[in-house]
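Listed below are the residues making up each chain.
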Amino acid sequence: MAILVTGGAGYIGSHTCVALLEAGYRVIIADNLCRGSAKAIKRIECITGKKPAFYCLDVTDAAAVDGLFAANKIDSVLHFAGFKAVGESVAKPLLYYYNNVVGTMVLAGACQKYGVQHFVYSSSATVYGPNKVPFREDMLLLPAANPYGETKAISERILTDAAKANKGWSVVLLRYFNPLGAHESGLLGEDPAGVPSNLMPYITQVAAGKRERLYIFGGDYNTPDGTGVRDYIHVMDLAAGHVRALEKTKSSPGVHIYNLGSGVGYSVLELVRTFEQVTGIAIPYEITGRRPGDIDICYADPGKAYRELGWKAGKTLAEMCRDAWRWQQANPEGYATAE
Ligand code: WQD
């Protein structure tokens, strides 16, 4: 029996494949490689000494997904494949709704047809919108400020209803906070195309001299130093959370929602200072206007994941900075860097 990992060539998916293979699971990756990289799959093998099966397919392609389910004995699905750039989702909402929502529906449909009862979904803290921190799983979700967040909330709804209608299904919805860092080998990491929209890849590119300075979006938030506060979590902690979530699906039918965050908020400036301390490199920055759609503070109440999954984030902000920087140095052009 195998675990199907959609988006396994992407940032969080690839790190989770390492954790799954190291835990002894057999892994099948499905990825259309439009944002992920085939090199990430080779490197998963390099790190673990185990070769995941790979299907180059689009999860919105129902016939291709059906073929995959028909040809393999799939035990569980971990669904990472999706677009995740908030700004791009505002510019191209139809692309986001189609890709993220239809992909979820096609996979859930295949699970129903082939009797696959275990599903772990990559959701996001974005679904909380401007709720009061710390965010708890039982809060009423507020409309997200962007289509990306809506695609996550809608996919959660679809999977929840599907689980109610299919006896024996177990669906775990994981709401990620802000993933950072890279595998400690420096072989896997985040490889954004073009100008990074997320904070850490932008910082590492400034440190590498690829960009002149960091623009900090807003210095007038209602936070201790005026810059935005987020709950940063090491991508390998996140990967470990998926292994726990998968185990949960084996023992508990129904729908289970967990925050995967550290429970601690750091400001943009605190992250910049930590990066500077860890690497010894100064990060020039300029405080500019707020980015549309950003909230001031976002951090998790991670207690439920600890109580029910026995999971909590263990790695520090300094480790996230160290590993992100190691990845950037070893792969200045991401996976396009020549061997
Ligand atoms: C972090 C902080 C910015 C870039 C998004 C998604 C979320 C999740 C993670 C998952 C904020 C500030 C950023 C820059 C800056 N996605 N910033 N200058 O927006 O919290 O979360 O990514 O799949 O769902 O919404 O992450 O890294 O973009 O920003 O000052 O160049 O850094 O304003 O306070 P965000 P981020």
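Every residue gets a number counted from 1 within its own chain, in the order that chain's sequence is written. For this predicted model, a pLDDT threshold of at least 70 governs which residues receive local features, and a threshold of 80 or more governs which side-chain atom pairs are given and counted, while totals over whole chains, interfaces and linings are taken from all residues. In computing side-chain values, all of the structure's heavy atoms are included and hydrogens and water are not.

A. How the structure looks around the packing of helix α5 (residues 93–114) against helix α6 (residues 147–165). Note on geometry: axes are C-alpha line fits, over the in-contact stretch for helices, and angles between N-to-C directions span 0 to 180 degrees. Strands are runs of DSSP state E lasting at least two residues, helices are runs of H or I lasting at least four, and both sets are numbered from the N terminus onward. In the contact formed by α5 and α6, the axes pass within 9 Å of each other and the chain directions differ by 20 degrees. What the angle tells us is that α5 and α6 run roughly parallel. As α5 runs across α6, the sense of the crossing is right-handed. Note on element contacts: α6 touches α5 through Pro147, Tyr148, Glu150, Thr151, Ile154, Ser155, Ile158 and Leu159, opposite Pro93, Tyr96, Tyr97, Asn100, Val101, Thr104, Met105 and Ala108. Here the angle decides the label: under 35 degrees means roughly parallel, over 145 means roughly antiparallel, 65 to 115 means roughly perpendicular, and every other value means oblique. Each crossing is labelled by how the near helix is turned from the far one, with a counterclockwise turn of less than a right angle marking it left-handed and a clockwise turn marking it right-handed. Whether two residues touch is decided by their heavy atoms; if any such pair falls within 4.5 Å, the residues are in contact.

B. Region of the structure containing unusual backbone geometry. Following valine 133, the chain continues into proline 134 via a peptide bond in cis, with omega recorded as -5 degrees. Inspection of the secondary structure puts proline 134 in the loop between β5 (118–124) and α6. A positive phi angle, close to 60 degrees, is found at leucine 33, a residue other than glycine. The residue leucine 33 is located in the loop between β2 (27–31) and α2 (38–48) in this model. Any residue under 20% of the maximum accessible area for its type is buried, any over 50% is exposed, and the rest in between are partly exposed; the area is computed with a 1.4 Å probe on protein chains only. A residue is classified by how much of its surface remains accessible, and leucine 33, at 27% relative accessible area, is partly exposed.

C. Quick peek at α2. Buried within α2 we find Lys39, Ala40, Ile41, Arg43, Ile44 and Thr48. Turning to α2, the residues buried within the fold contact α1 (11–22), β2, β3 (53–56) and α11 (317–330). In the analysis that follows, any N or O atom pair within 3.5 Å is treated as a polar contact, provided that within protein one partner can donate a hydrogen and the other can accept it, and provided that, for residues neighboring in sequence, both atoms belong to side chains. Among the residues of α2, the N-terminal cap falls to serine 37, whose side-chain oxygen and the backbone nitrogen of lysine 39 are separated by 3.0 Å.

Geometry only, nothing functional implied.
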